[in-house]
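Topology and contacts: notes
So you can see what is in the structure, the chains are spelled out below.
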There are 2 protein chains.
Amino acid sequence: MSVRSLCLAILNFGDATGYEIRKETTSGSFSYFGDASFGAIYPALSRLEAEGRVTVREESQHGKPTRKVYSITESGRLELLDALMEPPAADTYKSPFLLLALHAEYVGPDVLRKAISARRKHLQEELALLRSIPHEDEPGAVNWVRDYGIQCKTFALGYLDANAQELIEAATRKHDKTSRPVSLPGQNTLFPNAAE
Amino acid sequence: MSVRSLCLAILNFGDATGYEIRKETTSGSFSYFGDASFGAIYPALSRLEAEGRVTVREESQHGKPTRKVYSITESGRLELLDALMEPPAADTYKSPFLLLALHAEYVGPDVLRKAISARRKHLQEELALLRSIPHEDEPGAVNWVRDYGIQCKTFALGYLDANAQELIEAATRKHDKTSRPVSLPGQNTLFPNAAE
DNA sequence: AGCAATATATATTGAACTGATATATGCCAC
DNA sequence: GTGGCATATATCAGTTCAATATATATTGCT
């Protein structure tokens, strides 16, 4: 998802500053759709403004830096709609936790327990964020997306709670026998298609 | 997850070419841990070789280009173990599908149905990939990670199957009343913390 | 008092990465 | 013959990241 589309989508929900857009994509509701750094957001906003897709006004505020608040224009909305009409790319899920879990026998049970605890905490934080989104009275897309997220994260947390001990036991058994990473038995176990 | 660590982790499972590493991170088992392009993989492998973390040998093969097969060294393994000992970063999940779902009322039921169908297909492909990983006889990390993935994707697919119609109906109701994206009612519904 | 951490803000930069492309060999389908 | 696909290495212009700088203000600690 391009930073451009991400900015337009966020602004379509309401006016925002570059700082707020960044915040939404890293720790807010929009973190489920995309991520963008300051180095990408500000140039994208500048281009969008130059092309008439957004407008910007400056607001002075006491005790804080001057804000530049961006608003989407009608042509910005049309561009967003066009982007949404395209078939969406595949969802992506990247899990440093699972990579560590895959090496559970090598890192050992203590490191593993810490990682599991951190993962639980992350999941709980995500659930808290999702639950903080107000539930709309009328059934619609916002509720649907919110509930989808809550159900999936709840399942993942429940599965982790129910099965973490099993992984810790496996890590404990094998860690006693292994002092450092070596090639796993059955080389290429993870590469059923790879030439070797 | 750095490309460097990703390469080391893959090579720890078995020797591989740059091309194979790229393939694993985009469409193979390692796509759950990280992603990397050719433009990042080759420089990373060059640096790793220069630093003694991997070795490389050339293989001629009839009918195909010469292969450069990379193997991890002992110091490469130690670096990987060090990296794994760090607390893992939070998992990330980015869903262009859910962004489209959030705008279901604006794109309308036809586009939505196509997106749902594509999402189902993606999920089924992921499940097929996970199920293609051989089940090890002895309980351990590989089985655990594999089953974790299978259970979560199966849940997500099941929830989508059970609830997609509800979203389509909401999209149909509201699409009849709306011809283009406008600010959603209750501005900043998604931003309970945002200043506005 | 001074400093670090944090929050709200805009803006920038060197390093890293992406997506596309080039090159090469071979196979298969139209 | 051509295009598409697969296996391979390698590269590059454009984009983005992570860190940093600047600014105002507050809080907590030494």
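Above this text is the structure in question.
Attention in this report is confined to the structure presented alongside it. Keep in mind the model is a prediction, meaning the values are calculated, not measured.

In this section: the relation of the copies chain A and chain B. With an RMSD of 0.0 Å, the operation that places chain A on chain B is a rotation of 180° combined with a shift of 0.0 Å along the axis. Within this description, the copies of the chain are treated as partners about a two-fold rotation axis. In terms of C-alpha distance to the rotation axis, chain A has Tyr-93 of chain A as its closest residue, with the C-alpha 2.2 Å off the axis. The overlap is high: 100% of the interface residues of chain A also sit at the interface in chain B, so the same surface is used on both sides.

Listed by partner, the interface residues are 90 residues for chain A and 90 residues for chain B. For the chain A and chain B pair, buried surface summed over both sides reaches about 9,000 Å², with 66% attributable to carbon and sulfur atoms. Summed over the shared surface of chain A and chain B, the result is two salt bridges. With its nearest N and O atoms 3.2 Å apart, the salt bridge here joins Asp-91 of chain B to Arg-119 of chain A.

In terms of nonpolar packing, the biggest core is built from 112 residues, with Trp-144 of chain A together with Trp-144 of chain B touching the most fellow members. Beyond its immediate chain neighbours, meaning those up to four positions away, Trp-144 of chain B contacts Phe-97, Leu-98, Ala-101, Leu-160, Asn-163, Ala-164, Glu-166 and Leu-167 of chain A.

Right, let's talk about the packing of aromatic side chains for a bit. Residue and element names in this part refer to chain A. A complete count under the given rule lists 18 aromatic pairs over all chains for this structure. A ring pair is formed by Trp-144 and Tyr-148, whose centres lie 5.4 Å apart and whose planes are at 15°; its orientation type is stacked. Residue Trp-144 and its partner Tyr-148 are both found in helix H7 (residues 141–175); the two are separated by four residues, about one turn of the helix. For Trp-144, a relative accessible area of 4% translates into the label buried. Above the face of the Phe-38 ring, Arg-22 is positioned so that its terminal group lies 5.2 Å from the ring centre.

Definitions and cut-offs
- Position labels on residues start from 1 in each chain and follow its written sequence.
- Written order decides the labels, with chains lettered from A and ligands numbered from 1.
- In view of the model being predicted, local features appear only for residues whose pLDDT reaches at least 70, and side-chain atom pairs are presented and counted only at 80 or more, with totals across whole chains, interfaces and linings using the full set of residues.
- Excluded from the side-chain calculation are hydrogens and water; included are all heavy atoms of the structure.
- Superposing copies: least-squares fit, C-alpha atoms only, residues required to have pLDDT of at least 70 in both.
- Note on contacts: a residue pair is in contact if any heavy atoms of the two residues lie within 4.5 Å.
- Buried area: the accessible surface (1.4 Å probe) lost by two parts on joining, summed over both.
- Any carboxyl oxygen of Asp or Glu within 4 Å of a side-chain nitrogen of Lys or Arg constitutes a salt bridge here.
- Definition of nonpolar core: a set of buried residues of the types Ala, Val, Leu, Ile, Met, Phe, Trp, Tyr and Cys, connected through side-chain atoms within 4.5 Å.
- Each residue is placed in one exposure class: buried if its accessible area under a 1.4 Å probe, protein chains only, is under 20% of its type's maximum, exposed if it is over 50%, and partly exposed if it falls in between.
- Any Phe, Tyr or Trp ring, taking Trp's six-membered ring, that has another such ring centre within 6.5 Å forms a pair; planes under 30 degrees apart are called stacked, those over 60 apart edge-to-face, and the others tilted.
- Under the scheme used here, helices are H or I runs from DSSP no shorter than 4 residues and strands are E runs no shorter than 2 residues, and both carry numbers assigned from the N terminus.
- Two thresholds decide whether a charge sits over a ring: the Lys NZ or Arg CZ must be within 6 Å of the ring centre and within 35 degrees of the ring normal.

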